[in-house]
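Observations on the three-dimensional arrangement
Chain by chain, the residues:
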Amino acid sequence: MLVYIIRRILLMISVVFAAVTLTFVLFFLAPNDPAGAICASPNCSPARIAEIEKSMGLDRPKVQQYGEYMKGIVAGRDITSGGFKYRCDAPCLGWSWIQNQSATDMVKLAFPVTVSIMLGGVVVYSILGLLGGVIAARNRGNWLDRLIVAISQFVPSIPYYILALLFYLYLMVLHPILPQSDYTSPFDNPVAWATGLLGVWFIYGVIQSTAYVRYVRALMIDSLSGDFVRTARSKGLSERKVVINHALRATMAPFLTLVGLNIAADLSGAVFTESIFGLNGMGRLAIQSFNQSDLQVISAVVVVGAVVVSLGNLIVDLLYGLVDPRVKLN
């Protein structure tokens, strides 16, 4: 078990290293003009652009720039901007020349918002997806099964941002059944944190759960027809124990795999969620930075997203041994 965990952690580190390197290549070695984005005025002279490039370190060899970038992540580095020297503490993911502040500090403000939305949403749509799939499988072929399957097919056919906007207008604005969305640090006020995100979790979770219902239903139908379930029933176990302790437990491993694979989709969907509900998370930060051609901040968001996805997949892999005794972590 310990050897498996160490191997998975080393694999995660290698994946993150590759993602960071690829991000640097795409954002800082590909043809672009960050100095021109800062000095966007038509009257900006070539001499002024050259001065900005020098202050940004773009005049140095690419290998040296890559080394300084990687060093900043591990040990921090000094940044010169506008004739002033600033300290960018580790992990230094870059410096926003447009905002004149550390990209890491900007991501630190937005990161808790996005993670809070993701964690609450995962809990809601996991519960609803499992519950809906189990109920549909247990009532296979009758009206309840057909109703659940119909809803799970109809909801994903409508773009997420339209459904989220309609839920927001009718459940939060016109008929305030759910509390208005707002973010408060859980370390400052856990109650205000949960209250401000309760409506977002509910709406996001309900919409996303429909994508899991049919998947769980198919897995449960397959598990309920398995030999191990027939053996459990022949031993005289109650139907509830058979469904929960045997069929559902066998379903959890592939279900967790699907959740782990969709972490990246949850991060990308944060752009719509945060924009609709007015939350300043990483999605909105990425869009604002894109509009300003602030490559340093965009690359910082990409790197943090890669770390979150890798960490989520690691957690899912470690959970396999807990939810399914047939899985041996070795």
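How each quantity is defined
Residues numbered from 1 in each chain as written. Predicted model: local features only at pLDDT ≥ 70, side-chain atom pairs only at ≥ 80, totals over all residues. Heavy atoms only, no water. UniProt positions renumbered as here; feature names shortened; annotations may be inferred. Helix = DSSP H or I, 4+ residues; strand = E, 2+ residues; numbered from the N terminus. Areas by Shrake-Rupley, 256 points an atom, 1.4 Å probe, with all protein chains shown as cover. Lys, Arg positive; Asp, Glu negative; His and termini not counted. Charge placed at Lys NZ, Arg CZ, Asp CG, Glu CD. Phe/Tyr/Trp six-rings, centres within 6.5 Å; stacked < 30°, edge-to-face > 60°. Buried < 20%, exposed > 50% of the residue type's maximum accessible area, 1.4 Å probe, protein only. Core = buried A, V, L, I, M, F, W, Y, C linked by side-chain atoms within 4.5 Å. Contact = heavy atoms within 4.5 Å.

You'll find the protein entered in an unreviewed UniProt entry as ABC transporter permease, with Metallococcus carri given as the organism. The record held by UniProt for the protein lists under Subcellular location (unreviewed entry) the comment "Cell membrane". One UniProt comment on the protein, placed under Sequence similarities (unreviewed entry), says "Belongs to the binding-protein-dependent transport system permease family."

**What about the overall build of the protein?**
The helix and strand tally for the protein stands at 13 helices and four strands. Across its three principal axes, the protein shows a C-alpha extent of roughly 85 × 55 × 40 Å. If you sum the accessible surface of the protein, you get close to 17600 Å²; carbon and sulfur atoms cover 66% of it. Across the protein, 25 positive and 19 negative side-chain charges occur, with their mean positions spaced 12 Å apart.

**A closer look at the packing of aromatic side chains**
Inspection of every chain in the model, using the stated rule, returns ten aromatic pairs. Centre to centre, the rings of Tyr160 and Tyr204 are 5.8 Å apart; their planes meet at 90°, and the pair counts as edge-to-face. Residue Tyr160 is located in helix α7 (residues 160-174), and its partner Tyr204 is located in helix α8 (residues 190-224); the two are separated by 44 residues in the primary sequence. One exposure class covers both Tyr160 and Tyr204, and it is buried. Note on Tyr161 and Phe272: the rings are 5.6 Å apart at their centroids and 25° apart in plane angle, and the pair reads as stacked. A residue pair is termed long-range when its members are at least 10 positions apart, and Tyr161 in helix α7 and Phe272 in helix α11 (residues 263-277) qualify at 111 residues. Put simply, the rings of Tyr125, Tyr160, Tyr204, Tyr212 and Phe255 touch in pairs and so form one group of aromatic residues.

**Some remarks on the UniProt feature "domain: ABC transmembrane type-1" (unreviewed entry) in the protein**
As recorded in UniProt, the feature "domain: ABC transmembrane type-1" (unreviewed entry) lies at residues 111-320. The distance from the first to the last C-alpha atom of residues 111-320 is 27 Å, and the span holds 82% helix and 0% strand.

**Looking at the nonpolar core**
Counting 37 residues, the largest nonpolar core has Ile207, Met220, Phe255, Phe277 and Leu279 as its most contacted members. When residues of this core are traced back to their parent elements, those giving at least two are α5 (103-138), α7, α8, α9 (227-234), α10 (239-261) and α11. The element contributing the most residues to this core is α8, with eleven residues.

**Quick word on the UniProt feature "transmembrane region" (unreviewed entry) in the protein**
The UniProt feature table records "transmembrane region" (unreviewed entry) at residues 9-30, 109-135, 147-171, 191-213, 255-277 and 297-323. For the annotated span residues 147-171, helix accounts for 80% and strand for 0% of the residues, and the straight-line distance between the end C-alpha atoms is 23 Å. Summarising residues 191-213: 100% helix, 0% strand, and an end-to-end C-alpha distance of 30 Å.

**Overview of the environment of Ser126**
Looking at where Ser126 falls in the secondary structure, it is placed in helix α5. Accessibility expressed as a relative area gives 13% for Ser126, which makes it buried. Each C-alpha atom, one on Ser126 and one on Gln208, is 9.0 Å from the other, the two residues being 82 residues apart in sequence. In contact with Ser126, other than residues within four places in its own chain, are Phe255 and Val259.

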